[in-house]
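Breakdown of the fold
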Amino acid sequence: MSVDQVSHRFGSGPGSVTALDNVGFSLQSGDFVAIVGASGCGKTTMLNLLAGLEPLQEGAISISGGAPSSGHPDIAYLFARDSLLPWRTVAGNVELGMELRGVAKAERRRRALDYLDRVGLGDYAGSYPAQLSHGMRQRVALARTIAQQPKIILLDEPFSALDAQTKILLQGVFMDLWEDIKATVILITHDLGEAITLADRVLLFSSRPGRLRQDFEVPLQRPRNPLDLQSDPEYHELYDSIWNLLREEVTQ
Ligand SMILES: Nc1ncnc2c1ncn2[C@@H]1O[C@H](COP(=O)(O)OP(=O)(O)O)[C@@H](O)[C@H]1O
Ligand SMILES: [Mg+2]
């Protein structure tokens, strides 16, 4: 996947907003990249461009050698707020993404139950979203995303509305699932600790208009344990050096 000199503007004339200015980066298959930056710096816009939900205005984007498009067979997109259908069971919701990809019924059901097990919701396959807590619904959304076995996963602050414990739990679940399918991941987060814990690289965007300010390598070994990292000096060193720049952007 590559992004080359992408700029994006909303509206026209004096009231227009430049959301992205000349952003470029590229990912190899299987890379896990986090994007951090101040609120309003164009992170969601970047994902929407990659997902083909926002038309490209300037620059070039290549996904698996082609242009972005909504419903791209290689891409699964997970939003901050779970988007489960209330009238479908939990298993029915996990099957939805696979249904859209034309996975056969029996295989869909098998994978749905398997992935629900892996996110710890094996007993809730027949429940409805309204019967679950927010954290549980987000786990269902995670299962739905991974069960599609996409080549590329786009995540827009998927863990941000969760309490601290559930967040650490889900980060761990997601990391395990990712180690399994080795998809290319772009994770947007405003939680720097989460970015460093999960990703191979952290892209720091400047505040609006969003530019790529710095691209940090995360040299921490995998598999990683979020709790062990708390006592790892390398983790803290990296955290501090990114935070020093991020703080400038956030307080601008
Ligand atoms: N559909 C839109 N119409 C007009 N302005 C928008 C739209 N979407 C985003 N913006 C503006 O573009 C900027 C970047 O937004 P966004 O990509 O959502 O930032 P982030 O996700 O980093 O918080 C913000 O100033 C936002 O108000
Ligand atoms: Mg956003």
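Note: the structure precedes this text.
Residues numbered from 1 in each chain as written. Chains lettered and ligands numbered in written order. Predicted model: local features only at pLDDT ≥ 70, side-chain atom pairs only at ≥ 80, totals over all residues. Heavy atoms only, no water.

Right, let's talk about the packing of aromatic side chains for a bit. Evaluation of the coordinates by the stated rule reveals four aromatic pairs. Arranged with centres 5.9 Å apart and planes meeting at 80°, the rings of Phe32 and Phe174 form a pair that is edge-to-face. Separated by 142 residues along the polypeptide, Phe32 in strand E3 (residues 32-36) and Phe174 in helix H5 (residues 164-181) bring together distant segments of the chain. Connected via pairs of aromatic rings, a cluster forms that spans Phe32, Phe159, Phe174 and Trp178. Arg118 extends its terminal NZ or CZ atom over the ring of Tyr115, reaching a point 4.6 Å from the ring centre. (Phe/Tyr/Trp six-rings, centres within 6.5 Å; stacked < 30°, edge-to-face > 60°. Helix = DSSP H or I, 4+ residues; strand = E, 2+ residues; numbered from the N terminus. Lys NZ or Arg CZ within 6 Å of the ring centre and 35° of its normal.)

Around ligand 1, the neighbouring residues are Phe10, Val17, Ala19, Ala38, Ser39, Gly40, Cys41, Gly42, Lys43, Thr44, Thr45 and Arg208. Here Gly42 contributes a backbone N or O atom positioned 3.1 Å from an oxygen atom of ligand 1. Between an oxygen atom of ligand 1 and a side-chain N or O atom of Thr45, the distance comes to 2.6 Å. Contact with the protein chains hides 60% of the accessible area of ligand 1, taken as 560 Å² for the molecule alone. (Near = heavy atom within 4 Å. Polar contact = N/O pair within 3.5 Å; in protein donor to acceptor, adjacent residues only side chain to side chain. Areas by Shrake-Rupley, 256 points an atom, 1.4 Å probe, with all protein chains shown as cover.)

For the rest of this paragraph, the subject is unusual backbone geometry. Arg208 connects to Pro209 through a cis peptide bond whose omega is -5°. Residue Pro223 follows Arg222 across a cis peptide bond; omega there is -5°. Within the secondary structure, Pro223 sits in the loop between strand E9 (212-217) and helix H7 (226-229). With a phi close to 45°, Ser64 is a non-glycine residue in the positive phi region. Within the fold, Ser64 resides in the loop between strand E4 (58-62) and strand E5 (75-78). The phi angle at Gln149 is positive, at roughly 45°, despite the residue not being glycine.

Moving on: helix H4 (residues 134-147). The terminal C-alpha atoms of H4 lie 20 Å apart, and with 14 residues this matches the ideal 20 Å at 1.5 Å per residue to within 8%. The buried fraction of H4 amounts to 13 of the 14 residues, a majority that puts the element mostly inside the structure. Positive phi appears at Gln149, one or two residues downstream of H4, with a value of about 45°. (Expected span 1.5 Å × (residues − 1). Buried < 20%, exposed > 50% of the residue type's maximum accessible area, 1.4 Å probe, protein only.)

What follows deals with the sheet that holds strand E8 (residues 201-205). Read from one edge of the open sheet, six strands run E5-E6-E7-E3-E8-E9, paired in mixed fashion. Edge positions in the open sheet fall to E5 and E9, since each of these has one partner strand only. Within this sheet the neighbouring strands show an average axis-to-axis angle of 15°, counted without direction. Note: strand E6 (residues 152-156) against strand E7 (residues 184-188), five bridges, orientation parallel. Looking at E7, one finds that Leu155 is bridged to Leu187. (Pairing = 2+ DSSP bridges. Axes fitted to C-alpha atoms, helices over the stretch in contact; angles between N-to-C directions.)

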